[in-house]
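# Topology and contacts: notes
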Amino acid sequence: MSKRAIITGITGQDGSYLAELLLEKGYEVVGVARRLSAPNTQRIEHLLGRIELRPADLLDQMSLLKVVDEVRPHEFYNLAAMSYVPASWDQPMLTGEFNAQGVTRVLDAIRRIDTSIRFYQASSSEMFGKVRETPQTEDTPFYPRSPYGVAKVFAHYITVNYRESYDLFAASGILFNHESPRRGLEFVTRKVTDGVARIKLGLADSLSLGNLDAHRDWGFAGDYVRAMWMMLQQDTAGDYVVATGVSHSVRDLVHSAFDHVGLDWRQHVKTDPKFLRPAEVDHLVGDATKARTELDWQPAVDFTELITMMVDADLERLRAAPSPAPVVQRSS
């Protein structure tokens, strides 16, 4: 009998890669998505004939109880969230409802309906914030620097609490930044690769960014969803840092992307204070020793390969996009 899995956030970057992985492994995949007036399925268009989509919402406990009861999954991957960190300052209350209390609602639905369901929570390196030690491990104290990070800390600890209080198999992946051609255009990696492609194709001449000195540990999303699955195949649930262990600055990212297309970034990049965070997270780099040892997980794509992949994908997308219709001047 094939396994069944529910994925919240299936229309996002990680959800689409995870759905592909689970389908390859023979799972029945049920994606949970909020009802919207217009579909948001671009990242999973190629999977729509092979997965089932059901409506539910992390803000609505009854919808979560219903979908868990009807599907009775073996595994539940909670990837849904308000995921763009800068926006969490604009909507801190809503960020808390989705990213913190939404996780509690999912856990409680599992507790009430079927405690044998294995649960994965998408924790985040943003929980470390103003880091207390470098590199960061599962035991590094949290010091979040955004409403997003604060909400993720709550979600992380409520997952631990339900694991210990109700004997649920509930695992958290403390994932460091992970990117791909499916990353949203608002995220700095994709903003850079899209900007580089536009400049290379003559569609733009400059790119405005914020803090070029911020450091992140960037990996490939396709590698990281493999770690998610591995966590739920263990004998006991735990928490795992998932990271490459190599930190790069935004300046490194910019240099690598522009260098790939033969351009000098210094001629095109401008810094703009409006893109600075109210409280910056300066240096994130993860120590994934536990994941490498216990899960036998390793990243397959390195930083340069990742940026090259993303720039090439944006070049291909923009070249294939229809040209805007010329403006026809009419005589009066």
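Residues numbered from 1 in each chain as written. Predicted model: local features only at pLDDT ≥ 70, side-chain atom pairs only at ≥ 80, totals over all residues. Heavy atoms only, no water.

## So, helix 10 (residues 303–320)
With 18 residues, helix 10 should reach 26 Å at 1.5 Å per residue; the first-to-last C-alpha distance of 26 Å fits that figure. By the burial criterion, the buried members of helix 10 are F303, L306, I307, M310, V311, D314, L315 and L318. Projected down its long axis, helix 10 carries its buried residues within an arc of 165 degrees, all on one side. Exposed side chains of helix 10 directed beyond 90 degrees from the buried face belong to E316, R319 and A320. (Helix = DSSP H or I, 4+ residues; strand = E, 2+ residues; numbered from the N terminus. Expected span 1.5 Å × (residues − 1). Buried < 20%, exposed > 50% of the residue type's maximum accessible area, 1.4 Å probe, protein only. Arc of directions from axis to C-beta.)

## Things to note about the nonpolar core
Among the nonpolar cores identified, the biggest contains 62 residues, and I7, L18, L22, V29, Y77, Y120 and W297 are the most heavily contacted of them. Per-element accounting of this core gives the leading share, eight residues, to helix 7 (residues 221–231). Discounting chain neighbours no more than four positions away, the residues touching I7 are G15, L18, A19, L22, V29, V30, G31, V32, Y77 and L79. Among the nonpolar cores identified, the runner-up in size contains 25 residues, and A56, L58, V71 and I117 belong to it. (Core = buried A, V, L, I, M, F, W, Y, C linked by side-chain atoms within 4.5 Å. Contact = heavy atoms within 4.5 Å.)

## Thoughts on the packing of helix 4 (residues 92–113) against helix 5 (residues 147–166)
The contact between helix 4 and helix 5 brings their axes to 8 Å, and the two run at 15 degrees. What the angle tells us is that helix 4 and helix 5 run roughly parallel. Every pair of crossing elements has a handedness; the one defined by helix 4 and helix 5 is right-handed. Contact residues: helix 4 offers P92, T95, G96, N99, A100, Q101, V103, T104, L107, D108 and R111, while helix 5 offers P147, Y148, A151, F154, A155, I158, T159, Y162 and Y166. Across the contact of helix 4 with helix 5, the residue classes tally to twelve nonpolar, six polar and two charged. (Axes fitted to C-alpha atoms, helices over the stretch in contact; angles between N-to-C directions. Parallel < 35°, antiparallel > 145°, perpendicular 65-115°, else oblique. Left-handed = near helix turned anticlockwise from the far one by under 90°. Nonpolar A, V, L, I, M, F, W, Y, C, P; charged D, E, K, R; others polar.)

## Considering the environment of F169
On the secondary structure map, F169 appears in the loop between helix 5 and strand 6 (170–175). Relative accessible area serves as the criterion here: at 10%, F169 is assigned to the buried category. The spatial distance from the C-alpha of F169 to the C-alpha of L232 is 8.1 Å, given a sequence separation of 63 residues. Those residues in contact with F169 that lie beyond four places of it in its chain are I117, R118, F119, M231, L232, Q234, D235, T236 and A237.

## Quick look at the packing of aromatic side chains
Within this structure, the stated rule accounts for nine aromatic pairs. Taking the centre distance of 6.1 Å and the plane angle of 40 degrees together, the rings of Y77 and Y120 count as tilted. Taken together, the residues Y77 in strand 4 (residues 75–78) and Y120 in strand 5 (residues 118–124) connect sequence positions 43 residues apart. Between Y224 and W297 the ring centres are 5.6 Å apart and the planes differ by 85 degrees, which places this aromatic pair in the edge-to-face class. In this pair, Y224 is assigned in helix 7 and W297 in the loop between helix 9 (289–295) and helix 10, connecting sequence segments 73 residues apart. Overall, the relative accessible area of 0% leaves W297 in the buried class. One aromatic cluster is present, built from ring pairs that chain together F128, F142, Y157 and F176. A cation sits over an aromatic face here: K25 above W229, 4.1 Å from the ring centre. Sitting above the plane of the F169 ring, R118 keeps its charged end 3.9 Å from the centroid. (Phe/Tyr/Trp six-rings, centres within 6.5 Å; stacked < 30°, edge-to-face > 60°. Lys NZ or Arg CZ within 6 Å of the ring centre and 35° of its normal.)

## A word on helix 6 (residues 188–200)
The end-to-end C-alpha separation of helix 6 is 18 Å, in line with the 18 Å expected for 13 residues at 1.5 Å each. Among the residues of helix 6, T189, R190, V192, T193, D194, G195, V196, A197 and I199 are the ones counted as buried. On its buried face, helix 6 sits against strand 7 (178–179), strand 8 (207–209), helix 8 (250–260) and helix 10. At the C-terminal side of helix 6, G202 shows a positive phi close to 80 degrees.

## Overview of the packing of helix 6 against helix 8
One can describe the packing of helix 6 onto helix 8 by two numbers: an axis separation of 10 Å at closest approach and a directional angle of 30 degrees. As the angle between them shows, helix 6 and helix 8 are arranged roughly parallel. Taken as a pair, helix 6 and helix 8 cross one another with a handedness that is right-handed. Only V250, L253, V254, A257 and F258 of helix 8 make contact with helix 6, whose side of the interface consists of V188, T189, V192, V196 and I199. Within the contact of helix 6 with helix 8, the residues separate by chemical class into nine nonpolar, one polar and no charged.

Everything listed here is a matter of coordinates, which is why it stays silent on function.
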